[in-house]
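# Report on the structure
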Amino acid sequence: MSLKEVYLTGDVFLNCLQLAFSNEKQEVMGLLIGELKPTDTDDKSVNALITHLFIPQRADRKRDRVETSPEQLIEASVEAEALSKKLQKPVTVCGWFHSHPHITVFPSHVDVKTQAAYQMMEKGFVGIICSIFNTDQHHKNRVKLTCFQSNYNNLKGDYESVDIPFHILPVPSISSHSFETMINMQKTLNLEEINDFSLCMAQLDNKDFLTRFQNHTALAHAFSRIAEVFSQPLFAALSLRLEHNQNTIARLKEQIEMAEKQNRKSLKRSK
Ligand SMILES: [Zn+2]
């Protein structure tokens, strides 16, 4: 079985971008949930339709690497099972997403090896990378995305990445699940900060007032940054959606009134 093409819904793409833009200093990652569907032309190949993004808490936060633990994969599988029941169709964990802040979008040697390990579990598993904050003259102010799998090159005796064509599917509106992901994303990032803070406090030999004060200040600063990156844009997006919904309700009410008037006139005429 081989993976032919990848389709990503517009709202999951939005979730991926929001996650990527949340951190300029460290790589961030999520697991992609969706369906692997046989293609129309060939029963040996599949297309991936990605409909959900699951964001686990990072166990280790690094500038140039993200790692997925077996526990995180189990968590994502549990989420996929719950979603399958809710949607009444089977969805599975079929890919991973991570950011490359300040560097190119190309998968690193570690990414290619990690991807190969995922493909041993699921042949249709896909990797998506988003390059952001890259100030290189060809990439400045641009978001670049790549979709890849790993192939073993017998001549080189090593794994290499292979580009997989991908498409972003437009959606009429942001789904409620996508909104939940946006809100949970902030909670997950806050929890990561609390875990790091607790670890630092537990390891402190010298628990003097100033050191504790500094750690508390760093935590408050981290919370503020997350609120600035998430809450503000989310509030703006929700306000716009509310305004749009209110306008739609007003328009529909007008249409109902006009239809009722029309109906009353027709009834009078028929009498
Ligand atoms: Zn990478």
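Residues numbered from 1 in each chain as written. Predicted model: local features only at pLDDT ≥ 70, side-chain atom pairs only at ≥ 80, totals over all residues.

The name recorded for the chain in an unreviewed UniProt entry is MPN domain-containing protein, from Bemisia tabaci.

### Looking at the sheet that holds strand S1 (residues 2–9)
Taken in spatial order, the 8 strands make up an open sheet running S7-S6-S5-S4-S2-S3-S1-S8, and their pairing is mixed. Only two strands of the sheet have a single partner each, and these edge strands are strand S7 (158–163) and strand S8 (166–169). Taken over all neighbouring pairs, the strand axes of this sheet differ in orientation by 35° on average, direction set aside. Strand direction decides the pairing type here: strand S4 (residues 92–101) and strand S5 (residues 126–132), joined by 7 bridges, are parallel. What sits directly across from serine 99, in S5, is cysteine 130. The sheet strands contacting helix H3 (residues 109–121) are S4, S5, strand S6 (144–153) and S7, and the helix crosses S6 at an angle near 70°. (Pairing = 2+ DSSP bridges. Helix = DSSP H or I, 4+ residues; strand = E, 2+ residues; numbered from the N terminus. Axes fitted to C-alpha atoms, helices over the stretch in contact; angles between N-to-C directions. Contact = placed C-beta atoms within 7 Å.)

### Observations regarding the pairing of S4
In terms of residue burial, S4 counts as a mostly covered element, since 9 of its 10 residues are buried. Sheet topology note: the strand S2 (residues 29–38)/S4 ladder contains 6 bridges and is antiparallel. For glycine 34, the partnering residue across the bridge sits in S4 and is threonine 92. In this fold, the crossover linking S4 to S5 by way of H3 has right-handed handedness. (Buried ≥ 20, exposed ≤ 12 C-beta atoms within 10 Å, placed from the backbone. Right-handed = clockwise from strand over helix to strand, strands pointing away.)

### Digging into the pairing of S1
Direction of pairing for S1 relative to strand S3 (residues 45–54): parallel, over a ladder of 6 bridges. Bridge pairing in S3 links glutamate 5 to asparagine 47. Where S1 lies against S8, 4 bridges are found, and the strand directions are parallel. Bridging from a neighbouring strand, tyrosine 7 pairs with histidine 167 of S8.

### Some words on the nonpolar core
Looking at soluble globular proteins, one finds that nonpolar side chains tend to be buried together. Counting residues in hydrophobic clusters, the biggest one holds 41 residues, and the most contacted among them are Cys16, Leu32, Ile33, Ala48, Cys94 and Val126. Dropping the residues within four chain positions of it, valine 126 is found in contact with Leu3, Val6, Ala48, Cys94, Gly95, Cys147, Gln149 and Ile164. (Core = buried A, V, L, I, M, F, W, Y, C linked by C-beta atoms within 7 Å.)

### Some remarks on unusual backbone geometry
Most peptide bonds adopt trans geometry, and most residues besides glycine take a negative phi value. Although it is not a glycine, histidine 102 sits at a positive phi angle of roughly 70°. With a phi close to 55°, phenylalanine 133 is a non-glycine residue in the positive phi region. Inspection of the secondary structure puts phenylalanine 133 in the loop between S5 and S6. Its 18 C-beta neighbours within 10 Å are what place phenylalanine 133 among the partly exposed residues.

### Description of the environment of leucine 169
The residue leucine 169 is located in strand S8 in this model. Along the backbone, leucine 169 and cysteine 147 are 22 residues apart, and their C-alpha atoms lie at a distance of 15 Å.

### As for the packing of helix H1 (residues 10–21) against helix H4 (residues 176–203)
Axis separation between H1 and H4 bottoms out at 9 Å; the angle between their running directions is 10°. Taken together, the axis directions place H1 and H4 in an arrangement best described as roughly parallel. On the side of H1, the interface is formed by Asp11, Val12, Leu14, Asn15, Gln18 and Leu19, while H4 contributes Ser178, Thr181, Met182 and Met185. Here the contact of H1 with H4 is built from residues that sort into 5 nonpolar, 4 polar and 1 charged. (Parallel < 35°, antiparallel > 145°, perpendicular 65-115°, else oblique. Nonpolar A, V, L, I, M, F, W, Y, C, P; charged D, E, K, R; others polar.)

### Section: the UniProt feature "coiled-coil region" (unreviewed entry) in the chain
The sites that carry the UniProt feature "coiled-coil region" (unreviewed entry) are, in the present numbering, residues 235–269. End-to-end, the C-alpha atoms of residues 235–269 are 51 Å apart, and along that stretch the chain is 100% helix and 0% strand. (UniProt positions renumbered as here; feature names shortened; annotations may be inferred.)

### Structural notes on the packing of H4 against helix H5 (residues 209–270)
One can describe the packing of H4 onto H5 by two numbers: an axis separation of 10 Å at closest approach and a directional angle of 175°. Overall, the two elements H4 and H5 adopt an arrangement that is roughly antiparallel. Contacts between H4 and H5 involve Met182, Met185, Gln186, Leu189, Asn190, Glu193, Phe197, Cys200 and Met201 on the former and, on the latter, Asn215, Leu219, Ala222, Phe223, Ile226, Phe230, Ser231 and Leu234. Looking at the contact of H4 with H5 residue by residue, the class counts come to 12 nonpolar, 4 polar and 1 charged.

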